[in-house]
Amino acid sequence: VLFRSLAEDLLPHLRRAEWRDRADAALGDMGEIDLKDLRSVVVAADDAAKDEESLGVAEKLRTGLMERVEAAQTEWVAEIASTLSDGRVVRALRLSSRPPKAGALMPGDLLQRLTETANEAVKGDVTQQRLATLLDAVSRSVVRPNFVLETVPEKPTDELLDTVKKVAAQLPDVAAKFGVSATRRPRRGARKSAPKRPPKPTAPAPVGDAAPEAAAPETATPEAAKQDGAKAEAAPDAGAPVTTPDPASSAAPA
């Protein structure tokens, strides 16, 4: 019990020391550390930074994280614009699906430009393999709500149909033009409901000759019969009248 109590007392101190090591390493490599790792250190500061010195380190980490995110956002927008200028629409669509910060918005003019470029890319004489690649990229990008596919191939290949089935939930209008139902796939790890078992059949009630026979009366053993006979002889006959002797007639003559 003593060792367990000591371990419980030391555990918070060990966690704070571990966080401090990570925080010092992040401060020393603020410009190169991955944003995901930097965010994890900042989030852990809420529980680990308790003293004044640790709180100061946590504040520096938060400031550095904000600066890194703003710089990454600027680079993200510039890379998408540059990629569109080079005519690499698939690359631009894939970049738009990976913002540096969750929920980060793209500038309106760049979003409109990317949407128009994606709609133009599927027009005209485009191969089915190229169309499948574009549909896959559009299904994950921010232009998905405003994407329009005007015409579909007369004889789509199996590869194109497989892609359409995969993106049907994200692009239901496109899937409908190919005759594919936009049904959502079940989530991974979702439990399937067990099939109901049919009720057990009940046996029908016996009717007529099928009724069970009544139990036969037990036969008396020879010993029991003798005992019953003896009792019968000792007991008076219930049908015969019982007479009492007259005292005057029974008296002997003098």
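Parameters and conventions
- Residues numbered from 1 in each chain as written.
- Predicted model: local features only at pLDDT ≥ 70, side-chain atom pairs only at ≥ 80, totals over all residues.
- Heavy atoms only, no water.
- Helix = DSSP H or I, 4+ residues; strand = E, 2+ residues; numbered from the N terminus.
- Buried < 20%, exposed > 50% of the residue type's maximum accessible area, 1.4 Å probe, protein only.
- Contact = heavy atoms within 4.5 Å.
- Core = buried A, V, L, I, M, F, W, Y, C linked by side-chain atoms within 4.5 Å.
- pLDDT = per-residue confidence, 0-100.
- Salt bridge = Lys/Arg side-chain N within 4 Å of Asp/Glu carboxyl O.

**Remarks on the environment of R98**
(1) Moving on: Here R98 is to be found in the loop between α4 (89–96) and α5 (108–121).
(2) Moving on: Overall, R98 belongs to the partly exposed group, its relative accessible area being 49%.
(3) Moving on: With 22 residues separating them in the primary sequence, R98 and W76 have C-alpha atoms 8.8 Å apart.
(4) Moving on: Once residues within four sequence positions are removed from consideration, R98 is found in contact with W76 and R91.

**Re the nonpolar core**
(1) Moving on: Membership of the largest hydrophobic core comes to 31 residues, with the highest contact counts inside it found for I80, L93, L135 and F147.
(2) Moving on: Every element with two or more residues in this core is listed here: α3 (52–85), α4, α5, α6 (128–138), α7 (158–166) and α8 (172–177).
(3) Moving on: Of the residues forming this core, the biggest block, six residues, is contributed by α6.
(4) Moving on: Not counting chain neighbours up to four residues away, the residues in contact with F147 comprise A118, N119, V122, L135, V138 and V174.
(5) Moving on: The next biggest cluster of nonpolar side chains, apart from the first, holds 18 residues, and it includes W19, I33, L35 and V57.

**What about the confidence of the model for the chain?**
(1) Moving on: Of all residues in the chain, 69% attain a pLDDT of 70 or more, and the chain-wide mean is 77.
(2) Moving on: Within the chain, no element has a lower average pLDDT than helix α10 (residues 247–250), which sits at 44, and none a higher one than α4, at 95.
(3) Moving on: Contacts of residues 208–220 to residues separated by more than four positions or lying in other chains number two contacts, the stretch itself having pLDDT below 50.
(4) Moving on: Across residues 230–254, where pLDDT falls below 50, the model places zero contacts with residues more than four positions away in sequence or in other chains.

**As for the pattern of salt bridges**
(1) Moving on: Under the counting rule described, the total for this entry stands at 11 salt bridges.
(2) Moving on: Taking the shortest distance from any N to any O, the salt bridge between E53 and R20 comes out at 2.9 Å. One end of the pair, E53, is in helix α3; the other, R20, is in helix α1 (residues 2–28), with 33 residues separating them in the sequence.
(3) Moving on: With its nearest N and O atoms 3.6 Å apart, the salt bridge here joins K123 to E150. Taken as a pair, K123 in the loop between α5 and α6 and E150 in the loop between α6 and α7 lie far apart in primary sequence, 27 residues in all.

**So, α6**
(1) Moving on: Regarding α6, the residues found buried are L131, A132, L134, L135, D136, A137 and V138.
(2) Moving on: Buried residues along α6 sit in contact with α4, α5, α7 and α8.

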